[in-house]
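Reading the structure
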Amino acid sequence: MANLENDPLFRRIRQHASRRIKFEDATPMEERVPHYKKFLHLEDEMLRRYHKKGDSGFRVARARAIIIDVLIEHLFETALVVFHNKEQIAPYEVSVTATGGYGRAELCPHSDIDIMFLYPNKMIAGKIESFKETLVAEILYPLWDLNLKVGHASRTIEEVIPEAKRDFIILNSLLDIRCICGSSTLYDKLTTKYNAYCKKIDINDALREQVEERRSRRNKYFNTVFLQAPEIKNGVGGLRDVQSVQWMARLKYGINSLVELQENGFLSKRELYNLQYAYSFLLRVRNSLHFASKRPVDSLPLEKQAEVAEDLGYDDEDIMRRIEKFMRDYYRHAKCVNRITQILVRKITAVKKTLTFKDVISAYRNRGVDSEKMIDGFIIDEDNKLLIPDTSILTEDPNRMIRIFRHCQQHDYGIHYETSSILYDHLHLITPRVRNDEGANATFRAILQTAGKVHKTLQVMNNVGVLGQFIPEFGKLNCLVQHEFYHRYTADTHVLNCIKNLDLIYQGTFPESEKYINALRRTHTPNLLYLILFLHDIGKSEGIKGHAFAGVAISKPLLKRFGIPERFNKVILFIVEHHLEMSRFWQKFDMDDPETYKSFAKFIQDEDTLRYLYVHTFCDAKATSESLWNDYKQLQHSQLFHRTLQELNRSDSMQGMINERKINLREKIKESQQLEHISKEEQDAHFELLPDRYFLNTKADDIERHLQMINELFTSITQADSKETLTPIIKWSDNEDQGFSVVEIITWDRAGLFFKLAGAFSLSGFNILSSKVVSRKDNIVIDSFCIVDEQGGAAKDKKKKEIFESIIHEVLVNNKDLWADLVEKSETPVWGTTKPDSEKIGVKTISTVDVHEDLSLKQTLVEVTTSDHIGILYNVTKTISNHAFDITYAKISTENSVAIDTFYIKPTKLDKRNSDLSNRHKKLKASIKEVLEDASYRTT
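The sections below set out a description of the structure shown in this document. Model, not experiment: these values are computed from the prediction.

Secondary structure assignment for the protein yields 42 helices and 16 strands. The dimensions of the protein, computed from C-alpha atoms along their principal axes, are 110 × 75 × 50 Å. Burial statistics for the protein: of 940 residues in total, 57% are counted as buried. Contacts spanning at least 24 positions in sequence make up 72% of the contacts within the protein whose residues lie at least 6 apart. Roughly 41800 Å² of accessible area belongs to the protein as shown, and the carbon and sulfur atoms make up 49% of that amount. Distance from the positive charge centre (132 side chains) to the negative charge centre (134 side chains) of the protein: 4 Å.

Right, dumping it as structure tokens:
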């Protein structure tokens, strides 16, 4: 237990207290409290100075505990005097004890202060009540007046043990109990009795409860260190992970510190140093958060990371660089805590109580072992875990540092916890000679070629440090933070998650698994994708921007080192450089336009490359963040793949395919009984008046519906006045399985139609995913919108749909301007509204706009990236309309509160200024930039 009285700081703070909070016996409480506040303020300022000059987290937390100890000791002595003056000497002994974190003397600046007043077992009620009231009034009331969060209890020794039996939290809290002041005899009696109780309990049950609490707690944080806003206290790799293993060791062995764990063989000296340093770093981060927030805070949100980084001495002028360095250190230390405490949990729970850990390892190493129980010099224990009988086998053949993981992969062996520690302590054996050894690299190739079983092996290699040591280029990704639109994990974790997704495809876990397996199996070397995924982000060690190009330069020597045949290099390096290109196409371009597939096929050139990239894009996106992939994206992704595959394999032209498709569709329409009321002339006109791209992906059922809607529009003309003929025909289709709805709107074309529709969707509470506009030559337009509600699912709310149709009527029939309504809505707080991650950490989202001709697509594109908010889509599309351009297609995407939109535009039919399109594009670009800058100013 912590002995604070021997700390020189304790004596110094006690001297401060004797000068600043020494009073006459009769000084009333209201006069004393301001002095207590000043004392605490001055001591906290000293604490802040210790922190700023770089004292360890341990030292600052211990100093805070000492300050509170001195204060409580003074209050206790004052309480005794007050009671003596009022009544007599105290009727019974009392011990004021600290429990929990305060008991460990690890008290962050605003942490809870848990104290227990301990009394003897036999007391007379009348005598003790007045004494208890005095203690509460003279100790607890001043502490509360100082705005300290104090948890307190009053117990006799006999009451403590039953409490511990009933409550697991109290059991742990009492393991850290410490006497602050009062009767040391009473405190000693309690600890003696409590230690005796701990020796009698069923240790296996107690450990199981500890392990279950650890598992349950870590599951709340997705069982990963690498959260963007990690939880320092209770999260994976957090402070509680260390505390829980110490509780286990104390219960089972009476071991009271990390140093004693090392002395008893549970930790190597290197592990002890690393664990102590990591724990102190986490405490230092928590101290900083408390100082910055002026309240107890245990999570590290994006909004605070820049402030904490600067406070801890990360002084890069570039705020992103500052945060990246700090968070990389945070993840590195949390990863260390996670790795070592996992080993400790297994050691403590596995070793029999009657033996020391050293005894057990000695038994493993000295027992007779059959040949069947050994492989490549390693022992296989009864739990199918690999043990290293002697470290000399690694020294004599360092390639075993790699081969051990291949053995585990091949035979489904696990790595024994002792083996993990030994491997970590012998990473220095993986020298450049080992890295360039043909056999070692052949082993690594074999690991990457075992379909369905690669991730687990690489994960273990990464956890013990072997992967980064063997491949330093990958090691540079370790704990590398990625603060941009999409990524939720560090670079190394993201890459391993990609590989995990490929494993899951081979295992048939995903609903989409079969289609991706089929795509891969038609390549010459399906398992080559594991290597491609391993290398695809290797360039991020040089920086996020341009990482794909940098990855090619880094990958070339690695491929040579790995012994990859030259014939595979072209496809590997192509995908490393262009691994984002497939998603870029379906995110930005019109999937109904034949030119999209022609352009992509020309870019890809090779069928195997397309298949690898198809599966790669899925694995990459699914590994980026939990919410990035959805059914709509899957639909777009597969559509691009299949159409491009057709284009690559088609000997005749796309036009021939379209003509054939039109003939087949026309025959189906003729046979439809649903269209008997629509004349043949009207049906034929539909096929003649629409562009070819309409027929590429439109099904016969969709064409039937469009014909019915157009017929309904014509009918309304004969039945309504001239104004009401502007009323559109609207059909809703909710696809709950795919998580979006389709809204089809058929109406007469008019200026600004798109921005008016966009405004109506926004006001009704719907978000647009994509839109396509098909115009007939007779001025009828078919607008189709894929939308979701504000929660991201299909638009099922009937009331919202009614509101939308009402707004549409006001806009298209009565020509209402929606801008005032949009401004009002944008100023109304919306539950769940968030800023982009870049803005949370203090970096303003840079809005970009580009207007250009894409020659491969034969289209004019407007591409916009900006922080998303209500009204921005309306303003941008209205600006396009004001510059006399029609929007023929729109792809609307919002990722992490950043809008990434693409519009196909063409000059309006009425516009006569088509001679200088280049100049008009420049003016349009400038106007959209003004809109984005104005929006940015208003939302700041």
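More follows now that the structure is in view.
As summarised here, the arrangement of the 4 strands in space is β5-β6-β7-β8, forming an open sheet in which the pairing is mixed. With one partner strand each, in any of the chains shown, β5 (374-375) and β8 (414-415) form the two edges of the open sheet. Pairing between strand β6 (residues 378-380) and strand β7 (residues 385-387): 2 bridges, direction antiparallel. Counterpart to Ile-380 in the pairing with β7 is Leu-386.

One finds Phe-444, Leu-458, Ile-572 and Val-615 to be the most contacted residues of the largest nonpolar core, which totals 99 residues. Tyr-187, Leu-300, Ala-306 and Tyr-314 belong to the second largest nonpolar core, which has 70 residues in total.

Phi angles above zero are rare outside glycine, and Asn-223 is one such case at about 55°. Looking at where Asn-223 falls in the secondary structure, it is placed in the loop between α9 (203-219) and α10 (239-253). We classify Asn-223 as partly exposed; its relative accessible area is 46%. For Cys-479, which is not a glycine, the phi torsion comes out positive at approximately 60°. By secondary structure assignment, the location of Cys-479 is in the loop between α23 (472-475) and α24 (491-506).

What follows concerns the packing of helix α7 (residues 168-175) against helix α8 (residues 184-200). Two elements in contact, α7 and α8, have axes whose closest approach is 11 Å; the angle formed by their N-to-C orientations is 125°. With respect to their mutual orientation, α7 and α8 come out oblique. Note that α7 runs across α8; the crossing there is left-handed. Facing Leu-171, Leu-174 and Leu-175 of α7, the residues of α8 in contact are Tyr-194, Tyr-197 and Cys-198. The residue inventory of the contact of α7 with α8, partitioned by class, reads 6 nonpolar, no polar and no charged.

Let's shift gears to empty space enclosed by the protein. Taken as a whole and judged by the stated rule, the model has 3 cavities of 30 Å³ or more. In this structure, the second largest cavity spans a volume of roughly 40 Å³. What lines the second largest cavity is simply Tyr-221, Thr-224, Val-225, Leu-227, Pro-230, Glu-231, Gly-235, Val-236 and Tyr-330. The residue inventory of the lining of the second largest cavity, partitioned by class, reads 6 nonpolar, 2 polar and 1 charged.

It is worth spelling out the packing of aromatic side chains at this point. Taken as a whole and assessed by the stated rule, the structure comprises 38 aromatic pairs. Measuring from centroid to centroid gives 5.0 Å for Phe-585 and Phe-589, while their planes differ by 80°, and the two rings are edge-to-face. On the accessibility criterion, Phe-585 (5% relative accessible area) is buried. By relative accessible area, Phe-589 is classed as buried at 1%. Measuring from ring centre to ring centre gives 6.3 Å for Phe-714 and Trp-748, while their planes differ by 45°; the resulting arrangement is tilted. One end of the pair, Phe-714, is in helix α36 (residues 700-719); the other, Trp-748, is in strand β10 (residues 740-748), with 34 residues separating them in the sequence. By way of ring pairs, the aromatic residues Phe-510, Tyr-516, Trp-586, Tyr-614, Phe-618, Trp-629 and Phe-641 are connected into one cluster.

On inspection of all chains with the given rule, the structure shows 54 salt bridges. The partner of Arg-403 in a salt bridge is Asp-397, and the shortest N-O contact between them spans 2.7 Å. Residue Asp-397 is classed as partly exposed on the basis of its relative accessible area, which comes to 23%. Ionic pairing is found between Lys-878 and Asp-817, a salt bridge with its closest N-O pair at 3.9 Å. You can see Lys-878 sitting in helix α41 (residues 872-882) and its partner Asp-817 sitting in the loop between α38 (798-812) and α39 (819-826), a full 61 residues away along the chain. Residue classification places Lys-878 among the partly exposed residues on the basis of a relative accessible area of 23%. Here the salt bridges share partners, and the residues they tie into one network are Glu-213, Arg-214, Arg-217, Arg-218 and Asp-241.

A word on the pairing of strand β2 (residues 113-119). Within β2, 6 of the 7 residues are buried, which leaves the element mostly enclosed by the surrounding structure. Where strand β1 (residues 95-98) meets β2, 4 bridges bridge the pair, whose relative direction is antiparallel. The partner of Thr-97 across the bridge, within β2, is Met-116. Direction of pairing for β2 relative to strand β3 (residues 150-156): parallel, over a ladder of 7 bridges. Within the sheet, the bridge partner assigned to Met-116 lies in β3 and is Ala-153.

Scoring rules and cut-offs
- Residues numbered from 1 in each chain as written.
- Predicted model: local features only at pLDDT ≥ 70, side-chain atom pairs only at ≥ 80, totals over all residues.
- Heavy atoms only, no water.
- Helix = DSSP H or I, 4+ residues; strand = E, 2+ residues; numbered from the N terminus.
- Buried < 20%, exposed > 50% of the residue type's maximum accessible area, 1.4 Å probe, protein only.
- Contact = heavy atoms within 4.5 Å.
- Areas by Shrake-Rupley, 256 points an atom, 1.4 Å probe, with all protein chains shown as cover.
- Lys, Arg positive; Asp, Glu negative; His and termini not counted.
- Charge placed at Lys NZ, Arg CZ, Asp CG, Glu CD.
- Pairing = 2+ DSSP bridges.
- Core = buried A, V, L, I, M, F, W, Y, C linked by side-chain atoms within 4.5 Å.
- Axes fitted to C-alpha atoms, helices over the stretch in contact; angles between N-to-C directions.
- Parallel < 35°, antiparallel > 145°, perpendicular 65-115°, else oblique.
- Left-handed = near helix turned anticlockwise from the far one by under 90°.
- Nonpolar A, V, L, I, M, F, W, Y, C, P; charged D, E, K, R; others polar.
- 1 Å grid on protein atoms, 1.4 Å probe; cavity = no way out; pocket = protein on both sides within 12 Å on 5 of 7 lines; lining within 4 Å.
- Points joined across faces, edges and corners; volume = space filled by probe spheres on them.
- Phe/Tyr/Trp six-rings, centres within 6.5 Å; stacked < 30°, edge-to-face > 60°.
- Salt bridge = Lys/Arg side-chain N within 4 Å of Asp/Glu carboxyl O.

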